[in-house]
Structures are given as C-alpha cells and as structure tokens.
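# A look at the structure
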Amino acid sequence: ELPTAHPTSIPTSPPSARPTQHPTPSLTQNAAKSLDTLWDAGILNAGTMFEVVAKKNIRITGIDIHTPSSDQFGVRVYESRGGISGKENYSGLWIKVKQGIVRGAGDSSPTPIEGLSSFIRAG
C-alpha cells in the first residue's frame, strides 16, 4: 500500500497482533518475487532506466509502470547488457524485449506489462 500524499482524518489499521519475528531465510526455487520502488518521478518522463545486479540468476517476467492514464497506450521495454551508464542517448546499444498496448490502471495503481522473459545472470 502506498503512503498518502497528505495526512488523512481516518487512522490506518493497527499492526498485526502476531507479527513475523524473522524474515524468510531464502526464496524457494522458482518463487515469484517483486521489487517495489517509489512512484515519485512524476509523469513528465518518457521512460525510466535502472540497473539490476543479481546475486543469483533471475528471470524477469513482468513489470508494473505508473501512469495517471486509464486509456490504452503503447509501451516498449528495452534492456542493455553491462549497465546503462553512457548508453542513454544511443538506441543501438539497447535490445527491445517487449512492445505492446496496455490499458493504464490510473493514478496510484500499478499498470502491469506482462510477457517479458529477460534473463539476468548473477554478478
């Protein structure tokens, strides 16, 4: 659940009566996990770049984007091996891994882009 932009007059629900005392020691094989990031970049961006350094080999099967739109629009997802630094303005250094049409889920809701199959080696 995302934090509110301003204080509300309704309190949040109380914490769990029996919280987990220890985190899960490790993922089970083929377990799906997600990585949440802040959604505070605004809507003036034409895209977001980030790097993933994996401790184990991983496969990315989908991502969620943030858009205030609830209309259909085109999306493209690219990857680049060996980091992103210095590649920002060179389209030939990127590989398109997904292109399609999605319907935005609207402000404060994740819009899924599924059907990816990007493999990242550990290291």
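We now turn to the structure provided with this report. Everything numeric here is computed off the predicted structure, so don't read it as measured data.

### A short note on the overall build of the protein
For the protein, the helix and strand inventory stands at zero helices and four strands. The helix and strand sequence of the protein, counted from the amino end, reads β-β-β-β. Buried positions account for 14% of the 123 residues belonging to the protein. Excluding contacts between residues fewer than 6 apart, the proportion of contacts in the protein whose partners are at least 24 apart in sequence is 69%. Accessible surface, the protein as shown: approximately 10900 Å² in total, 52% of it carbon and sulfur.

### As for the side chain of Ser118
Here Ser118 shows up in strand β4 (residues 110–120). Polar side-chain contacts of Ser118 include one of 2.8 Å to the side chain of Glu79.

### Structural notes on a nonpolar patch on the surface
A cluster of nonpolar side chains, contributed by Phe50, Val52 and Ile58, occupies part of the molecular surface with about 250 Å² of accessible area. Along the polypeptide, Val52 turns up in the segment before β1 (58–66). On the basis of relative accessibility, which here comes to 35%, the residue Val52 falls in the partly exposed class.

### Things to note about unusual backbone geometry
The phi angle at Ser108 is positive, at roughly 70°, despite the residue not being glycine. Counting through the fold element by element, Ser108 comes out in the loop between β3 (95–103) and β4.

### Concerning the pattern of salt bridges
Taken as a whole, this structure holds one salt bridge when the rule is applied. Among the ionic pairs, Glu79 bridges to Arg81, the shortest N-O distance being 3.2 Å. Residue classification places Glu79 among the buried residues on the basis of a relative accessible area of 17%.

### A short note on the side chain of Lys87
The topology assignment puts Lys87 in the loop between β2 (72–79) and β3. Of the side chains bearing the opposite charge, Glu51 lies closest to the buried Lys87, which forms no salt bridge; the N-O distance is 8.0 Å. Discounting chain neighbours no more than four positions away, the residues touching Lys87 are Ser80, Arg81, Gly82, Leu93 and Trp94.

### A look at the environment of His66
Tracing the sequence through the fold places His66 in strand β1. What makes His66 partly exposed here is its relative accessible area of 31%. Note: C-alpha distance between His66 and Ser109 (43 residues apart in sequence) is 6.8 Å. Side chain to side chain, His66 and Asp107 meet in a polar contact 3.1 Å long.

### Digging into the environment of Thr61
Relative to the elements of secondary structure, Thr61 occurs in strand β1. Apart from residues lying up to four places away in sequence, Thr61 is in contact with Glu114, Gly115 and Leu116.

Cut-offs and rules
- Residues numbered from 1 in each chain as written.
- Predicted model: local features only at pLDDT ≥ 70, side-chain atom pairs only at ≥ 80, totals over all residues.
- Heavy atoms only, no water.
- Helix = DSSP H or I, 4+ residues; strand = E, 2+ residues; numbered from the N terminus.
- Buried < 20%, exposed > 50% of the residue type's maximum accessible area, 1.4 Å probe, protein only.
- Contact = heavy atoms within 4.5 Å.
- Areas by Shrake-Rupley, 256 points an atom, 1.4 Å probe, with all protein chains shown as cover.
- Polar contact = N/O pair within 3.5 Å; in protein donor to acceptor, adjacent residues only side chain to side chain.
- Patch = residues over 30% accessible without salt bridge, like charges linked within 9 Å, V, L, I, M, F, W, Y side chains within 5 Å.
- Salt bridge = Lys/Arg side-chain N within 4 Å of Asp/Glu carboxyl O.
- Lys, Arg positive; Asp, Glu negative; His and termini not counted.

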